[in-house]
Structures are given as C-alpha cells and as structure tokens.
Amino acid sequence: MATTTLTAPEDLRITPRDRRFGREATTPRLWHGARVEATALYNALSTTFPAGEAFFVESVRQFRDGAPPRLADEIKAFTTQEAIHSREHDAFNRRAAESGYDLSALEARVDERLALTRGRPPIVSLAATMALEHFTAILAHELLADPRHLAGADRETADLWRWHACEEIEHKGVAYDTWLNATKGWSRWKRWSVKARVMLLVTRNFVVDRTAGALELMRQDGVTGMKAWASLLTYLWVRPGMFRKIAGAWLGFFLPGFHPWTIDDRHLLAAYDATAPALASSKKVRGAA
Ligand SMILES: [Fe+2]
Ligand SMILES: [Fe+2]
C-alpha cells in the first residue's frame, strides 16, 4: 500500500463529484446504528464542516497567485470539492436540527475558533488549514479502511461520510503543497517548528472541542455524567477507537521530509469508487465554486 513520495503522485487527478445526499428520505435522529455516542460524535464533526471548510478554501485561495500551474489547478479542484462538502454537511446539519438537536453552541464554538485565526496573518490560516487537512485525511483514511467505523449506520448517511472521506484523501496534498510553496524562502527549522506548533494547537482544540460537542449532543439525548464520558471515550479510543488508530499517522506529520503522499492510499479511493456506482454517473464539476 505505501510508497514513498515527496510530492503528490504524477498521475493524481482531483475530480470533484457533485453529489447530493439525504434529500429524499428522512434521516433517523440516531442515524448511527441507534447509538447515542456514535451519532453525537459524527454530528459534532459535521457541525464544523460548513464554516470550517469555507475557511480552508479562503485560506488556500489567498496563496493561489504565484503557485505553479499544476498546483493552481489543484487549488481550484480543492476549492470546488470543499465547497460541495460544505453544502452537503450544511444539509446534513439541517436534518440533524430538524430531528431535534440544537447545534447552536457547537457552531458558535467553531465560529469563535475561526475568528481568532482570521485575526492573524494569512500564513497562519494556511498553516492551520494544512494541519487540519492532514488531520482530516488521516481520519478519512481510517474511516474508509475499517468498515467498523460506519457499521450499522443509515445507508445514505454512511455514503455521505464515505464520499467526503474519499475526496479528502484525493486532495490531501493541496494545502500542504500550497504551504510548501508559500514558505519556500523559510529555513527548514522555521518551517518545521511553525508546522509542529500549529499541529499541536489544532489537535488540542480539535480533541477538546469535538469531545465537548459530542458530550453536549449526548446530553440532548439524555445521556450525561460518567455514563456519557465512558461511552464516548470508549468509542473514540478503544472500540472502534478512531483516535487511537490515527495516532501513528498523526505522529508521521512531525517526521523530517513528511508529505501527505508519503502514504499513497489511493487504493481506498479505488475501492470506494468501485462500490459507489452513482459516482460514475454523477456530474463532474471542473470549475471552482
Ligand atoms: Fe471536505
Ligand atoms: Fe479537505
């Protein structure tokens, strides 16, 4: 599976798949196998996407001028993919709200974090995007690699998550390459120390905020206190243990010479595409959104 590369594979083509999910049928409130903690975790994650991915687009686009032609094209495809993800998670979040969840506290937290970052120079936003895109890509890898993560979930909703994961893997090198291009005049030490500090900070915020967000949604389902903590922490760290399983890939980010495509995991894309016949007929979007 793994091959070592220092850039994106030559034959990689980032192809936005303009798909829509869950518009026809109602999504059950506890869509993830009737499990409170699993539904809460994925709902908490989804709450971050509309505003968060709009922020990624804005951060990377600021560095498109001056990018080599291939990277400029990839930035365009990346922004299109992320814009469609924002649209679909916005629709997903509306369905969660219609089923009775109040997401306002979670959304306010995301807005607060983004406002703080937007107040800093554009390179800080790009660094945060580059780190979060690695985070997203390793979550996406794990989600597609181990079917236990979405076992028992509502089919259409599981499909939304797999589709998103697939495109996150496909464009995982774009923010990183944009960052490498924007900081090419920096020393290796400065590059590494900024990216390491930013990764530690965004990881801390991600783990704290998503845990708090999931606990809040579990509270809305009547699960509180030690019972809520125990079931959420078990789900995150033990079984299926998403956070535990991405730990190695997360550490890889700090190694000298790291690039998101050091691990070529396009076999997961191929496997997904092969089992998602609707993709073949889905409208392909070439222009930036
Ligand atoms: Fe995305
Ligand atoms: Fe992304």
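Provided above is the structure to which this section pertains.
Since the model is a prediction, treat every value here as computed from it, not as a measurement. (Residues numbered from 1 in each chain as written. Chains lettered and ligands numbered in written order. Predicted model: local features only at pLDDT ≥ 70, side-chain atom pairs only at ≥ 80, totals over all residues. Heavy atoms only, no water.)

Draft legend 1. Local environment of the pattern of salt bridges. Applying the stated criterion to the full structure yields 22 salt bridges. Overlapping salt bridges bring together R17, E167, E170 and D273 as one network. (Salt bridge = Lys/Arg side-chain N within 4 Å of Asp/Glu carboxyl O.)

Draft legend 2. How the structure looks around the packing of helix α1 (residues 36-61) against helix α4 (residues 122-145). Interaxial distance between α1 and α4 falls to 10 Å at its minimum, and their mutual angle equals 135 degrees. With respect to their mutual orientation, α1 and α4 come out oblique. Note on packing geometry: the crossing formed by α1 with α4 is left-handed. Seen from α1, the contacting residues are Y42, F55, F56, S59 and V60; seen from α4, they are S125, L126, T129, L132, E133 and L143. Residue composition of the contact of α1 with α4, by class: 7 nonpolar, 3 polar and 1 charged. (Axes fitted to C-alpha atoms, helices over the stretch in contact; angles between N-to-C directions. Helix = DSSP H or I, 4+ residues; strand = E, 2+ residues; numbered from the N terminus. Parallel < 35°, antiparallel > 145°, perpendicular 65-115°, else oblique. Left-handed = near helix turned anticlockwise from the far one by under 90°. Contact = heavy atoms within 4.5 Å. Nonpolar A, V, L, I, M, F, W, Y, C, P; charged D, E, K, R; others polar.)

Draft legend 3. Expanded view of the packing of aromatic side chains. Summed over all chains, the structure comprises 17 aromatic pairs. Between W31 and Y42, the aromatic rings sit 5.9 Å apart at their centres with planes inclined by 80 degrees, giving edge-to-face as the arrangement. One end of the pair, W31, is in the loop between β1 (17-18) and α1; the other, Y42, is in helix α1, with 11 residues separating them in the sequence. For the pair W31 and Y42, a shared accessibility class is recorded, and that class is buried. Through a chain of ring-to-ring contacts, the aromatic side chains of W31, Y42, F49, F92 and W161 assemble into a single cluster. The ring centre of W261 lies 4.3 Å from the NZ or CZ of K172, which sits over that ring. (Phe/Tyr/Trp six-rings, centres within 6.5 Å; stacked < 30°, edge-to-face > 60°. Buried < 20%, exposed > 50% of the residue type's maximum accessible area, 1.4 Å probe, protein only. Lys NZ or Arg CZ within 6 Å of the ring centre and 35° of its normal.)

Draft legend 4. Local environment of the coordination of the iron ion (ligand 2). Taken together, E82 (OE), E133 (OE), E133 (OE), E168 (OE), E168 (OE) and H171 (NE2) make up the protein donors of the iron ion (ligand 2), found 2.0 to 2.7 Å from the metal. For the iron ion (ligand 2), the 6 donor atoms are set out with angles of 52 to 152 degrees between them, so the coordination reads as irregular. Counting residues between consecutive donors of the iron ion (ligand 2) along the chain gives the motif E-x50-E-x34-E-x2-H. In this structure the iron ion (ligand 1) is found 3.8 Å away from the iron ion (ligand 2), and E82 serves as a bridging donor for the pair. Note that E82 is positioned in helix α2 (residues 69-98) and H171 in the loop between α5 (155-170) and α6 (174-182), a separation of 89 residues in sequence. Accessibility expressed as a relative area gives 0% for E82, which makes it buried. (Donors = N, O, S within 2.8 Å, 3.2 Å for Na, K, Ca; no water. Tetrahedral: all angles 85-135°; square planar, octahedral: opposite > 155°, others 65-115°.)

Structural measurements only, silent on function.
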